[in-house]
Structures are given as structure tokens and as C-alpha cells.
Amino acid sequence: MFEGNKAMPCVSRPAAAAAWVALALVFGCGGPAGDRGPAPSVFVISLDAASAAFFGIYGAGDDASPFIDRFAADSVVFANAYSQAASTPPSTASLLAGVRPTTHRVTGETRLSAGLPTLPELLSKAGFLNFGVIGNPFAGAPRMGFARGYDEIVQVYALPELQGLRRIEESNRFSVPLPGDVNDQVEKLLPRIRRAHEGGRPVFTYVHYLQPHKPYDPPEAFQRSSDPVGDAMTWDALHDQFTFANETGKATPQTVSRIEARYRGNVAFVDAGFGHLMDRLREEGLYDASLIVLLADHGDAFFKHKRFGHNVTLYDDMTRVPLVFKFPERDGIAPARLSALTETVDVNRTLLDYLGAEQPEHLEGESLMPLIRGETSELRRPEVVLTTGKLLVHAIRVLDFKYVYNLETGEELYDLAADPDEQDNLVTEQPEKALALRSMLESMIDLRAGRSRGDENRLREDPRMNELLESLGYLAEDAEEAEPPDASLLRPAPGP
């Protein structure tokens, strides 16, 4: 599994070179940049398990994420953005392939079909040089099909220097990639990115930080109020409480407060790492000249619904994420805050639209450029559809109403304007609305079909990968969700 820092070889691509020339001509003659010069390079930066509510730009307070807030001041911020799933594999597949999980069928055990081209593959055809720097094994593993199209991909989680010396120093425990580890690898690429950019060749770089994903164990400097009840606890002890709470549905207010505070520390930790990377882009002359997109693959929950972490439900704490676009200075796109409902599956088509690259017909997202340019205040698609494959849980949001179909626990309906924490299920009180939203969801998703696990896509067992995933907490969570429950448990919404 661990290919480490192995580079994908650069090969001659005559067709790509021709496309690069054509793209450069577009950008030099009144394309998206609106000015002569090289096509802009693109950075897409993903924070793992980053709930929007914990960032300053989404109301968490001025000291929650000062570096990201500074970045957002230069940017277009989407206030109501959702991920496609509450776990990394399906969400990342939707970002890379531009289709929903019900189409790509990727889970932690299956790979992305070769018939679905990734964003780096599409940009290669347009002449881009593509780099990936990945801190989570579920976001860049070649065996999952996520490494296709990159000229070079650095799997930070598998680097020998990370899993060698540091692992020995930490009693043979898996070494979690930290923001600095990711930044170190990006910085090694920056001279090549700058040279290509200055030479007129655009570069796409995907950066995936592991934080604020657990372990919620940031350096002491970022552990702000990490023990709000006054007695210090190690992360191992807190994680035992985390696991016990998920198994039993019981947690004391002190446990919730402690774990949430540690997560806030992890947010501050990755915020500082992101700020450092932006400073390095400024030093290289790339910040003002590049399109930089900040997002998250999903969020994390803190027991509002008897659950810590992510992976199993579709409440907003697990699915509402940051989504921020900073455009090249020469585009003249003013900073803004937009309230339209958007999805991370939209990012793929938005980038292709902005760059003037080919947009395959199979893409299921919608370009956000008309919103960004101020040509419209809402998308053609009025709803946001979310899905997670493990428990056959699907959800749809239209305006402020959100409907959830859960094969295990029944149906749910929430008025997010009146009940943002999704505590008051309105299915019985408003059956007509629930039925209407269910019908809309059923028109797009076969709610009873289950997830595809074709043998040709299944990943082979790899003990080293299992050890790594167990260290991050994935295998324990997966075990709780191994098989979907019997369909007879479903409680249909009452008719009108």
C-alpha cells in the first residue's frame, strides 16, 4: 500500500501540449482572467473533518480561525455549502469525479471506476501540470483510483521519514501527518509550480490536510481551553470516552465539552498551517495570481445526536462545510458572501467552467460561476442532495427544510431556520412536506437499492493499510456500520 513519495512519471503528451497552447490563448485574449498573461494556476485545499460551524467566517468567533478568516476577506464565501457524504472516500470521489456517491459507488472498500475521469485527468488534457499532496490515505490512495492524472503525488501519510524515525520515537505508533508535514511537501513543489506558472503553463495542486480530523491532539500552544472543567486529560483518555459514548449513546456534559474543545484546538492548528502555506504562496508570487479553493470533505459531530465524529448520519454537523474561492487578482472578482445552497460536487464543474476546459456530460454538479459573477442569485438546481452509503442514509434540503431517509431509524424532517441543530423531527406534524421531499429524493435516488460492491472494484486486504486506518479510527467506526439493517425497520412517512 505504501508507495510513499514515488512520483508518477512525466510523459510527453502532444495533445495536452496543444490544449495548453489553446488554453493560454483563451486566457491571454479576454478569458476568465480578463487580461493578457499566463493561465492561472489552481490550488484546491481540503481540510479533513472540518465542520463549518467551528470557523470564524461561519460564526465561531474571531479567534477560532484567524488565518482562514483573513483568506476569506479576499474571497467568495459560500455560507451554505454541503459535502456529498459524511466520510472521506465518497466525498473525495465526488470532488475528483464530479458525480454523486450514488453514481460513483465509492466506499472505503471500493475504488473509483476507471470510466469516471478525475479532475486531474481532465486538466491534463487541457495542458495542466498536476500535483497532489495528501495527508489522509483515503484521499489519495492509488488503489482507490484517486491518484489518476497527477504528474506527481506525494502520499504524506506514508513517507518513510514520517513512518520511520518519528514512529520509533513514539513507541511504534502510527505517526499522524501534521499540517507542517503537508506544508513541507508542498513547499518542495513550489519552485516547480512557480517556474511552470511563469512559463505560461498552468498548474493544478490538490492539498489535503488530515486535521482537524481526530486524533484531536494539537500541540499545547493550540489547546485553547482544552480542559474546560479544570483537570488535564490525555487524548488517549478522552478518546476512550469518545468511543464509550458512541457505543452506548451516553456522555457527560464534561466529556462533550472536553472533546469539543480539543477539536477547536485542532481547527486552530490546521488554520495556522493553512496561514503559513498562504504566506509561502505570497512569497513565491502565486497567491495573487492563482485560483485558491478551500473546502472540507465532511464535518464532525459533537453529540447533538448521541454521536461523536462522522461517517453514519447526514445532520449538518457532519455535512455542512467551508467552501471559499479566492480568484486571481486580475479577474476583478470582488469578495462576497453568497447564501445559495451549494455542494462540494459543484467544485469540479466550476473549475472546468472557469478554466474554459471541457465539461463532460456525465458531471452531476453545477457550475458556481454564474453565482460568483453575479449573473444569478440561485442555481438552476434548487435542492442539495446528500448521501452516505454505509447505512443507506440519504437526505435532501430545499430552502430551509431538510428531509432524511434512514433505513435503520425511519424518516426525519427538519426546519433548519427554526431548528438549526435538527432536534425536532416534523415528519408526523408535516407529513405533506415530508412526502413531497421524499418524492423529490426518490426521483434522483433509488432509496432501497443499497451500495454497490462489485468484485472488480473491491480493494484487496492490506494489513499495513488496516493498521493505518485503525490508528485514525476508521475501522472501529466501519465495524459499527458493516451491514445495512433489514428494510422492514423502515417507517414510511405518513401520507397526506
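As a starting point, this report considers the structure included with it. Numbering of residues begins from 1 in every chain and follows the order in which that chain's sequence is written. Per-residue local features are limited, in this predicted model, to residues with pLDDT of at least 70; the limit for side-chain atom pairs, both in listing and counting, is 80 or more; totals at the level of whole chains, interfaces and linings are taken over all residues. Side-chain measures here rest on the full set of heavy atoms in the structure, leaving out hydrogens and waters.

1. Focus: the layout of surface pockets
Here is step 1: Both cavities and pockets are sets of points on a 1 Å grid over the protein atoms alone; in a cavity a 1.4 Å probe fits but cannot get out, in a pocket the set is open with protein on both sides within 12 Å along at least five of seven lines, and lining residues sit with an atom within 4 Å of a point. Grid points are joined across faces, edges and corners, and a volume is the space filled by probe spheres set on the points. Of the pockets and cavities examined, the second largest pocket occupies roughly 400 Å³.
Here is step 2: In terms of lining residues, the second largest pocket is bounded by 24 residues, among which A53, D316, R320, P420 and D421 are the most central.
Here is step 3: Starting at the N terminus, helices and strands are each numbered in turn, a helix being any DSSP run of H or I of at least four residues and a strand any DSSP run of E of at least two. When residues of the lining of the second largest pocket are traced back to their parent elements, those giving at least two are β2 (76-82), α11 (253-283), β7 (301-302) and α12 (316-319).
Here is step 4: Only Asp, Glu, Lys and Arg are considered charged, only Ala, Val, Leu, Ile, Met, Phe, Trp, Tyr, Cys and Pro nonpolar, and every remaining residue, Gly among them, polar. Residue composition of the lining of the second largest pocket, by class: 10 nonpolar, 3 polar and 11 charged.

2. Here we look at the side chain of D271
Here is step 1: Mapped onto the elements, D271 comes out in helix α11.
Here is step 2: Between two residues, a contact is recorded if the distance between any of their heavy atoms is within 4.5 Å. If near-sequence neighbours (up to four positions away) are discounted, D271 is found in contact with S65, P66, F67 and I68.

3. Thoughts on the pattern of salt bridges
Here is step 1: Think of a salt bridge as a Lys or Arg side-chain nitrogen and an Asp or Glu carboxyl oxygen that are within 4 Å of each other. Scanning the model with the defined rule gives 21 salt bridges in all.
Here is step 2: Between E343 and R381 there is a salt bridge; the shortest N-O distance is 3.2 Å. Pair noted here: E343 is in strand β11 (residues 336-343) and R381 is in the loop between α14 (369-372) and β12 (383-388), with a separation of 38 residues, a long-range link. Each member of the pair, E343 as well as R381, carries the same accessibility label: buried.
Here is step 3: E411 is paired through a salt bridge with R438; the nearest N and O atoms lie 3.0 Å apart. Pair noted here: E411 is in strand β15 (residues 410-415) and R438 is in helix α15 (residues 431-442), with a separation of 27 residues, a long-range link. Both residues of the pair, E411 and R438, count as buried.
Here is step 4: Taken together, the salt bridges that share partners define one network made up of E187, R194, E198, R280, E283 and E284. Here the term buried applies to any residue with accessible area under 20% of the maximum for its type, exposed to any over 50%, and partly exposed to those in between, with areas from a 1.4 Å probe on protein chains only.

4. Considering unusual backbone geometry
Here is step 1: P212 follows Q211 through a cis peptide bond whose omega is 10°.
Here is step 2: Considering the arrangement of structural elements, one finds P212 in strand β5 (residues 203-212).
Here is step 3: At the junction of K214 and P215, the peptide bond is cis and its omega measures out at 15° in the coordinates.
Here is step 4: Inspection of the secondary structure puts P215 in the loop between β5 and α10 (235-248).
Here is step 5: Of note in this structure, A49 is not a glycine but carries a positive phi near 60°.
Here is step 6: Locating A49 in the fold gives a position in the loop between β1 (42-48) and α2 (66-72).
Here is step 7: Phi is positive for E422, close to 55°, though the residue is something other than glycine.
Here is step 8: Locating E422 in the fold gives a position in the loop between β15 and α15.

5. Digging into the sheet that holds β15
In sheet architecture, strand pairing relies on hydrogen bonds along the backbone and comes in two forms, parallel and antiparallel.
Here is step 1: Here we have 4 strands laid out as an open sheet, ordered β12-β13-β14-β15, and antiparallel in their pairing. Here the strands that pair on one side only, and so sit at the sheet edges, are β12 and β15. The average undirected angle you get between the axes of adjacent strands in this sheet is 10°.
Here is step 2: We call two strands paired when DSSP finds no fewer than two bridges between them. Where strand β14 (residues 401-406) lies against β15, 6 bridges are found, and the strand directions are antiparallel. In the sheet register, Y403 faces β15, and the bridge partner there is L413.
Here is step 3: Note on definitions: angles span 0 to 180 degrees between N-to-C directions of axes, and those axes are lines fitted to C-alpha atoms, for helices only across the stretch in contact. Its contacts with the sheet place α15 against β12, β13 (393-398), β14 and β15, and it is angled at close to 70° to β14.

6. What to know about the nonpolar core
Here is step 1: In plain words, nonpolar cores are sets of buried Ala, Val, Leu, Ile, Met, Phe, Trp, Tyr and Cys residues tied together by side-chain atoms within 4.5 Å. Core analysis: the largest hydrophobic core is formed by 54 residues, its most contacted members being I45, F55 and M278.
Here is step 2: Taken together, the elements giving at least two residues each to this core come down to β1, α2, β3 (129-134), α9 (179-198), β5, α10, α11 and β6 (291-296).
Here is step 3: Tallying contributions element by element places α11 first for this core, with 9 residues.
Here is step 4: If near-sequence neighbours (up to four positions away) are discounted, I45 is found in contact with V207, Y209, F274, L277, M278, I292, V293, L294 and L295.
Here is step 5: Core analysis: the next-biggest nonpolar cluster, separate from the first, contains 51 residues, A141, F146, M369 and L379 among them.

7. Some thoughts on the pairing of β12
Here is step 1: For β12, the tally of buried residues reaches 6 of 6 residues, placing the bulk of the element in the interior.
Here is step 2: Taken together, the 6 bridges between β12 and β13 define a ladder with antiparallel strand orientation. Within β13, the residue paired with T387 across the bridge is H394.

8. Re the packing of aromatic side chains
Here is step 1: Pairing of aromatic rings covers Phe, Tyr and Trp, the last through its six-membered ring, and needs centres within 6.5 Å; plane angles under 30 degrees mean stacked, over 60 mean edge-to-face, and all others mean tilted. Scanning the entire structure with this criterion turns up 17 aromatic pairs.
Here is step 2: An angle of 75° between the planes, with centres 4.8 Å apart, marks the rings of F54 and Y263 as edge-to-face. Of this pair, F54 sits in the loop between β1 and α2 while Y263 sits in helix α11, placing them 209 residues apart in sequence. Each member of the pair, F54 as well as Y263, is classed as buried.
Here is step 3: Grouping aromatic residues by their ring pairs yields a cluster made of F54, Y216, W235, F242, Y263, F302, F303 and F308.
Here is step 4: Lysine and arginine charges are scored as sitting over a ring when NZ or CZ, respectively, is within 6 Å of the ring centre and within 35 degrees of the ring normal. In this arrangement the basic side chain of R282 is found over the ring face of Y287, its NZ or CZ atom lying 4.0 Å from the centre.
Here is step 5: Sitting above the plane of the F401 ring, K433 keeps its charged end 4.5 Å from the centroid.

9. Let's talk about the environment of L116
Here is step 1: Relative to the helices and strands, L116 is located in the loop between α4 (101-104) and α5 (119-125).
Here is step 2: With relative accessibility at 12%, the residue L116 sits in the buried group.
Here is step 3: Along the backbone, L116 and L96 are 20 residues apart, and their C-alpha atoms lie at a distance of 9.2 Å.
Here is step 4: Here L116 is in contact with A97, V99, H104, E121, R148 and H362, once residues within four sequence places are set aside.

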